[in-house]
Amino acid sequence: QVQLVESGGGLVQAGGSLRLSCAASGRTFSSYAMGWFRQAPGKEREFVAAVSWNGGYTVYADSVKGRFTISRDNAKNTVYLQMNSLKPEDTAVYYCAAGDGTGYYTRQGSYDYWGQGTQVTVSS
């Protein structure tokens, strides 16, 4: 079992930045691929970014490429999502997820554990 707790969400003006954190506990964090997803009101949850178990590979949704950066610190059992140049359309609940494997995954079904989410609101 892996428990995931997100933090760092909040209200920010368009063009601003936020850094989300996801702290993991339970089984060995470094054995999991990690991802960030988001769900806006009235929309389905969508992929944002993912990182492989050792941080060596990352992948991003086209909508955030060049603005968001995913990283992880296995010594701290934490994955981060640095979000720059935020736009109102980035407003959503952001979830981190852990998947058992050495790759990096964009599909929700590849992830076994999910956090409760943290709200990000970007005002125009």
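Per chain, residues are indexed from 1 in the order of the written sequence. Local features are withheld for residues below a pLDDT of 70 in this predicted model, meaning they are given only at 70 or higher, and side-chain atom pairs are given and counted only at 80 or more; totals for whole chains, interfaces and linings count all residues. Note that water and hydrogens are dropped before the side-chain values are worked out from all heavy atoms of the structure.

### With respect to the side chain of Arg72
Reasoning step 1: For the purposes of this entry, the term helix denotes a DSSP run of H or I that reaches at least four residues, the term strand denotes a run of E that reaches at least two, and both are numbered from the N terminus. Checked against the element boundaries, Arg72 lands in strand β7 (residues 68–73).
Reasoning step 2: Here Arg72 occupies a buried position and makes no salt bridge, while the nearest side chain of opposite charge, Asp73, is found at 8.3 Å.
Reasoning step 3: Any pair of N or O atoms that falls within 3.5 Å is considered a polar contact. Within protein, one atom must be able to donate a hydrogen and the other to accept it, and sequence-neighbouring residues count only if both atoms are side-chain atoms. At 3.0 Å, the side chain of Arg72 forms a polar contact with the backbone oxygen of Phe29.
Reasoning step 4: Here Ser52 takes part through its backbone oxygen, which lies 2.9 Å from a polar atom of the side chain of Arg72. Relative accessibility under 20% of the residue-type maximum defines a buried residue, over 50% an exposed one, and the middle range a partly exposed one, all with a 1.4 Å probe and only protein chains included. This count recognises Lys and Arg as positive and Asp and Glu as negative, with His and chain-terminal groups excluded. We define a salt bridge as a contact between a side-chain nitrogen of Lys or Arg and a carboxyl oxygen of Asp or Glu at a distance within 4 Å.

### Quick notes on the pattern of salt bridges
Reasoning step 1: One pass over the structure, following the stated rule, counts four salt bridges.
Reasoning step 2: For Asp90, the salt bridge is made with Arg38, and the minimal N-O distance between the two is 2.9 Å. Residue Asp90 is located in the loop between β8 (78–83) and β9 (92–100), and its partner Arg38 is located in strand β4 (residues 32–39); the two are separated by 52 residues in the primary sequence. Comparing Asp90 with Arg38 shows no difference in burial state: the two are buried.
Reasoning step 3: In this structure, the salt-bridge partner of Asp62 is Lys65, at a minimum N-O distance of 3.1 Å. The burial state of Asp62 is the same as that of Lys65; both residues are exposed.

### A short note on unusual backbone geometry
Reasoning step 1: Notably, Asn77 is not glycine yet its phi reads approximately 55 degrees, a positive angle.
Reasoning step 2: Here Asn77 shows up in the loop between β7 and β8.
Reasoning step 3: In this structure Asn77 comes out as partly exposed when scored by relative accessible area, which is 28%.
Reasoning step 4: The phi angle at Ser85 is positive, at roughly 50 degrees, despite the residue not being glycine.
Reasoning step 5: The exposure class assigned to Ser85 is partly exposed, which follows from its relative accessible area of 42%.

### Examining the nonpolar core
Reasoning step 1: What makes a nonpolar core is a set of buried Ala, Val, Leu, Ile, Met, Phe, Trp, Tyr and Cys residues whose side-chain atoms join them at distances within 4.5 Å. With 36 residues, the main nonpolar core has Leu4, Met34, Trp36, Leu81, Met83 and Tyr94 as its most contacted residues.
Reasoning step 2: Secondary-structure elements contributing two or more residues to this core are β1 (2–7), β3 (18–26), β4, β5 (46–51), β7, β8, β9 and β11 (118–123).
Reasoning step 3: Note on contacts: a residue pair is in contact if any heavy atoms of the two residues lie within 4.5 Å. Excluding residues within four positions of it along the chain, Met83 makes contact with Gly16, Ser17, Leu18, Leu20, Arg67, Phe68, Tyr94 and Val120.

### Digging into the sheet that holds β3
Reasoning step 1: Across the sheet, four strands lie side by side as β1-β3-β8-β7; this open sheet has antiparallel pairing. Only two strands of the sheet have a single partner each, and these edge strands are β1 and β7. In this sheet, neighbouring strand axes are inclined to one another by 15 degrees on average, regardless of whether the strands run parallel or antiparallel.
Reasoning step 2: The pairing criterion is simple: DSSP has to find at least two bridges between the two strands. Note that β1 and β3 share six bridges and pair antiparallel. In the strand pairing of β3, Val5 is matched with Ala23. In this description, a line fitted to the C-alpha atoms serves as the axis of each element, helices being fitted only across the stretch in contact, and the angle between N-to-C directions of two axes falls anywhere from 0 to 180 degrees.

### A word on the side chain of Thr91
Reasoning step 1: Mapped onto the elements, Thr91 comes out in the loop between β8 and β9.
Reasoning step 2: Of the polar contacts made by the side chain of Thr91, one reaches the backbone oxygen of Pro88; its length is 2.9 Å.
Reasoning step 3: A polar contact of 2.9 Å, which involves the side chain of Thr91, links it to the backbone nitrogen of Val122.

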